[in-house]
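Residues per chain are reported as follows:
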Amino acid sequence: MNEIFDKLQSVADRYDEVNELLSDPDIISDTNRFMDLSKEEGNLRETVEKYTEYKKVVQQVKDDEELLRENLDDEMAQLTKEELTESREQQENLENELKVLLLPKDPNDDKNIIMEIHGAAGGDEASLFAADLFEMYSRYAEKQNWTVEIVDQSQTEVGGFKEIVLMISGASVYSKLKYENGAHRVQRIPTTESAGRIHTSTATVGVMPEAEDVDIELEDKDIRTDVYRSSGAGGQHINKTSSAVRMTHLPTGIVVAMQDQRSQQQNRAKAMQILKARVYDYYSQKEESAYNEQRKSAVGTGDRSERIRTYNYPQNRVTDHRIGLTLNKLDRIMSGELEDVIDALVIADQAEKMEQLRDE
């Protein structure tokens, strides 16, 4: 624990330094610097509070051990032993919590996300499942007090989605939803199936952290922008003006088409927002792939073609294949109760990182 103790002390020292800086008039007048330091203070606070609690418990253990070496009457000795047992257990729990808090943090964890859900294999049934996943994530976001905005969508005649693109904003969205990246498989009897046979369909989910200007800067010379007339249902606002926008990032070949907004200006802004996220995600994935050649994590946020989860309706069962988790409460999960799945994935990811640290 000595190495960890040294790390914790350096975190506590930095926390004190940041708090001093936050009271400096020069810092207060520099909005960007003040915001950066405020964010750093918030990130350090939980670790420092836990460390303070840990030091108190360690001192309590020492005091009790010292007390037991004295000539105590039986009753006092018994009380001290009970307190010592409790303090040692508390010390062990706090050590484990502090180890987790010291794990390297994903720099994107605090960010909002852009989520893309596509109906994949299975035709109409896949598009309906994509719509079900959209509902599931929307309800989960509501429970987390997050905001969901539909950025773009392509509906099918049966009421499903070929594709739907969402912006989900709130506290630490990426930290919880990054594990949803991948192929989701559904097994159920489609409403159109007269013989009652179970079909298997898939939808893919892509989760990208919202890219900020400090994360990635796209140069004008690298982007080709085409404008064209919108085409959509109902014939309203169609073919009157060239309001739809298609942006192509030439170095990567990534294309974003946007026609869901009312004006060309709004479509340009949304297209650029998604293009930045996709390009940032593209380069991040390349770095992640290079990293994973050396070390493969059991719980990833990677390849969308990887089948990560199966939703079996006849048996009311959900299975996450990455961690071998099976829950017989599909109905509740589809209504937005994703906590058990996401908590299990977070714990598995933390355990994997702890193992990696021990191996280094």
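Heads up: these notes are all about the structure in this document.

What counts, and where the lines are drawn
- Residues numbered from 1 in each chain as written.
- Predicted model: local features only at pLDDT ≥ 70, side-chain atom pairs only at ≥ 80, totals over all residues.
- Heavy atoms only, no water.
- Helix = DSSP H or I, 4+ residues; strand = E, 2+ residues; numbered from the N terminus.
- Areas by Shrake-Rupley, 256 points an atom, 1.4 Å probe, with all protein chains shown as cover.
- Pairing = 2+ DSSP bridges.
- Axes fitted to C-alpha atoms, helices over the stretch in contact; angles between N-to-C directions.
- Phe/Tyr/Trp six-rings, centres within 6.5 Å; stacked < 30°, edge-to-face > 60°.
- Buried < 20%, exposed > 50% of the residue type's maximum accessible area, 1.4 Å probe, protein only.
- Expected span 1.5 Å × (residues − 1).
- Salt bridge = Lys/Arg side-chain N within 4 Å of Asp/Glu carboxyl O.
- Contact = heavy atoms within 4.5 Å.
- Bend = angle between axes of the 7 residues up to and from the residue.

Here we come to the overall build of the protein. The helix and strand inventory of the protein stands at nine helices and 11 strands. Within the structure as shown, the protein displays about 20400 Å² of accessible surface, and the carbon and sulfur contribution to it stands at 45%.

The next subject is the sheet that holds strand β1 (residues 113-119). Within a beta sheet, neighbouring strands are joined by backbone hydrogen bonds and run either parallel or antiparallel to one another. Taking strand neighbours across the sheet as the criterion, the eight strands line up as β2-β3-β1-β5-β4-β9-β10-β11 in an open arrangement whose pairing is mixed. Each of the sheet's edge strands pairs with one partner strand only, and the pair in question is β2 (147-155) and β11 (325-327). Direction aside, the axes of adjacent strands within the sheet are offset by 15° on average. The pairing of strand β10 (residues 317-320) with β11 spans three bridges and is classified as antiparallel.

What follows covers the packing of aromatic side chains. One pass over the structure, following the stated rule, counts four aromatic pairs. Between F134 and F161, the aromatic rings sit 5.8 Å apart at their centres with planes inclined by 85°, giving edge-to-face as the arrangement. Highlighted residues: F134 in helix α5 (residues 123-143) and F161 in strand β3 (residues 161-169), separated in sequence by 27 residues. Like F161, F134 is buried.

Take α5 next. Spanning 21 residues, α5 covers 31 Å between terminal C-alpha atoms, matching the ideal 30 Å at 1.5 Å per step. One or two residues past the end of α5 sits N145, with phi positive at roughly 60°.

This part is about the pattern of salt bridges. One pass over the structure, following the stated rule, counts 20 salt bridges. One salt bridge in this structure joins R278 and E163, with 3.8 Å as the shortest N-O distance. Highlighted residues: R278 in helix α7 (residues 264-294) and E163 in strand β3, separated in sequence by 115 residues. The closest approach of N and O atoms between R224 and D226, which form a salt bridge, is 3.5 Å. Look at R224 and you get partly exposed, because its relative accessible area is 43%.

This next bit is on the environment of E53. On the secondary structure map, E53 appears in helix α3 (residues 31-68). For E53, a relative accessible area of 35% puts it in the partly exposed group. Once residues lying within four places of it in the same chain are set aside, the contact partners of E53 are Q90 and L94.

This next bit is on the sheet that holds strand β6 (residues 223-228). Read across the sheet, three strands follow the order β6-β7-β8 without closing on themselves; strand pairing throughout is antiparallel. If you trace the sheet from one side to the other, it starts and ends with β6 and β8 (254-258), each paired once. Strand-to-strand twist of the sheet, defined as the mean angle between neighbouring strand axes without regard to direction, takes the value 15°. Sheet topology note: the β6/strand β7 (residues 244-249) ladder contains six bridges and is antiparallel. What sits directly across from T225, in β7, is M247.

For the rest of this paragraph, the subject is the environment of I164. Relative to the helices and strands, I164 resides in strand β3. A sequence separation of 13 residues divides I164 from V151, and the C-alpha atoms of the two residues are 7.8 Å apart. The contacts of I164, once residues within four sequence positions are left out, are M115, E116, I117, F134, I150, D152 and Q153.

The phi dihedral of N145 is positive, around 60°, even though this residue is not glycine. Inspection of the secondary structure assignment puts N145 in the loop between α5 and β2. In this structure, N316 takes a positive phi of about 50° despite not being glycine. Locating N316 in the fold gives a position in the loop between β9 (307-312) and β10.

What follows is about α3. The end-to-end C-alpha distance of α3, which contains 38 residues, comes to 55 Å, matching closely the 56 Å that a straight helix rising 1.5 Å per residue would cover. At R45, α3 shows its strongest bend, of approximately 35°. Within α3, burial applies to L37, E41, L44, T47, V48, Y51, Y54, V57, V58, V61 and D64.

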